[in-house]
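Coordinate inspection notes
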Amino acid sequence: MPDAAMLEIVDLHAFYGESHVLHGIGLEVRQGEVVTLLGRNGAGKTTTLRAVMGIVGKRTGSIRLRGTELIGMAQHRVARLGIGYVPEERGIFSSLSVDENLTLPPVVKPGGMTLAQIHELFPNLAGRGSTQGTRLSGGEQQMLAVARILRTGADLILLDEPTEGLAPVIIEQIGRAVRALKRRGFTILMVEQNFRFAATIADRHYVMEEGHVVDMIPNDRLAENTGKLHAYLGV
Ligand SMILES: Nc1ncnc2c1ncn2[C@@H]1O[C@H](COP(=O)(O)OP(=O)(O)O)[C@@H](O)[C@H]1O
Ligand SMILES: [Mg+2]
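Here is what the cut-offs are and how they apply
Residues numbered from 1 in each chain as written. Chains lettered and ligands numbered in written order. Predicted model: local features only at pLDDT ≥ 70, side-chain atom pairs only at ≥ 80, totals over all residues. Heavy atoms only, no water. Pairing = 2+ DSSP bridges. Helix = DSSP H or I, 4+ residues; strand = E, 2+ residues; numbered from the N terminus. Contact = heavy atoms within 4.5 Å. Axes fitted to C-alpha atoms, helices over the stretch in contact; angles between N-to-C directions. Salt bridge = Lys/Arg side-chain N within 4 Å of Asp/Glu carboxyl O. Buried < 20%, exposed > 50% of the residue type's maximum accessible area, 1.4 Å probe, protein only. Polar contact = N/O pair within 3.5 Å; in protein donor to acceptor, adjacent residues only side chain to side chain.

Let us look at the sheet that holds strand S4 (residues 58-65). Ordered in space as S2-S1-S4-S5, the four strands form an open sheet in which the pairing is antiparallel. Looking at strand neighbours, the two that pair on one side only are strand S2 (19-30) and strand S5 (68-69), the edges of this open sheet. Here S4 pairs with S5 via two bridges, running antiparallel. The residue bridging Leu65 from the neighbouring strand is Thr68, located in S5. Packed onto the sheet, helix H1 (residues 45-53) meets strand S1 (5-16), S2 and S4 and runs at close to 105° relative to S1.

Given below as structure tokens:
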């Protein structure tokens with residue numbers, strides 16, 4: 001049963017230059033939970049993940065990881081605390097092979113997954129070690145972007161729209177992998193536009209609008225909140 005707060009965000013404001021994007025948001029992710037951020041384009045979901053990693057212009061408020069304050073901490077130190085960030089653009093190096101991409105991010109903590117475990121999780125990557133990054137499909141690139149974070153020992157994973165632009169059969173594979181990670185004890189904060197997908201994975205959902213968190217819906221209350229969610233998401 002998840003309980004202790006792994007990540008606790010209180011009154012977080014974030015800015016890009018003069019642009020004030022997050023207006024005092026609060027949320028928490030407990031140890032072992034999968035939590036999603038839902039909301040329309042431009043609501044501030046990506047900025048929330050970037051603010052945790054320290055890659056926005058300026059942040060105020062509080063972001064605590066297992067009690068340690070991240071605001072004011074340098075970006076490279078945040079990663080070393082065991083947070084792995086998989087950005088929306090995935091960041092696969094096209095000139096490098098699959099194995100070179102896999103071993104690029106530095107190991108930050110003991111206990112990272114081995115290549116064999118990664119191949120079990122993502123069979124599509126097995127035997128593809130020398131394939132060049134550009135020769136992978138979008139889905140395989142997404143798997144590689146997640147896989148290389150799992151090697152580093154990070155145990156809090158921030159995923160930005162892992163299913164975006166992918167075919168249903170690939171989305172299903174990503175879903176299976178995320179559920180397997182949850183069973184292994186990973187804690188996951190995931191931006192997701194597709195709440196039907198999110199519902200198959202997450203424990204709770206936060207809804208964002210214009211830089212605010214406007215609602216929190218436990219997954220087992222999702223069905224009775226479908227109408228409200230449609231209104232929030234404009235779908
Ligand atoms: N690098 C940036 N510089 C200035 N404004 C930005 C930048 N990135 C995002 N924004 C603005 O911040 C707001 C939130 O964006 P974002 O967090 O990317 O939303 P979401 O991920 O929910 O679609 C939007 O209005 C967007 O235009
Ligand atoms: Mg985004």
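A separate point is the pattern of salt bridges. A complete count under the given rule lists 12 salt bridges for this structure. The residue Asp155 makes a salt bridge to Arg66 at a minimum N-O spacing of 2.6 Å. Note that Asp155 is positioned in the loop between helix H5 (138-150) and strand S7 (156-160) and Arg66 in the loop between S4 and S5, a separation of 89 residues in sequence. Judged by its relative accessible area of 38%, Arg66 is partly exposed. Glu172 is paired through a salt bridge with Arg179; the nearest N and O atoms lie 3.6 Å apart. According to the relative accessible area criterion, Glu172 is partly exposed, its value standing at 39%.

In this fold, Thr36 is placed in strand S3 (residues 34-39). In terms of polar contacts, Thr36 uses its side chain to reach the side chain of His205, at 2.7 Å. Residues in contact with Thr36, not counting those within four places in the same chain, are Met190, Ala198, Ala202, Arg204, His205 and Tyr206.

Another aspect to go through is the sheet that holds strand S10 (residues 212-218). An order of S6-S7-S8-S3-S9-S10 is seen for the six strands of this open sheet, with the pairing classed as mixed. Two strands bound the open sheet, and with one partner strand each, they are strand S6 (83-86) and S10. Between one strand axis and the next, the sheet turns by 20° as a mean value, whatever way the strands run. The pairing of S6 with S7 spans four bridges and is classified as parallel. Bridged to Ile83 within S7 is Leu156. Against the sheet, H5 contacts S6 and S7, and its axis sits at roughly 170° relative to S6. Lying over the sheet, helix H8 (residues 226-233) contacts S3, strand S9 (204-209) and S10, oriented at roughly 155° with respect to S10.

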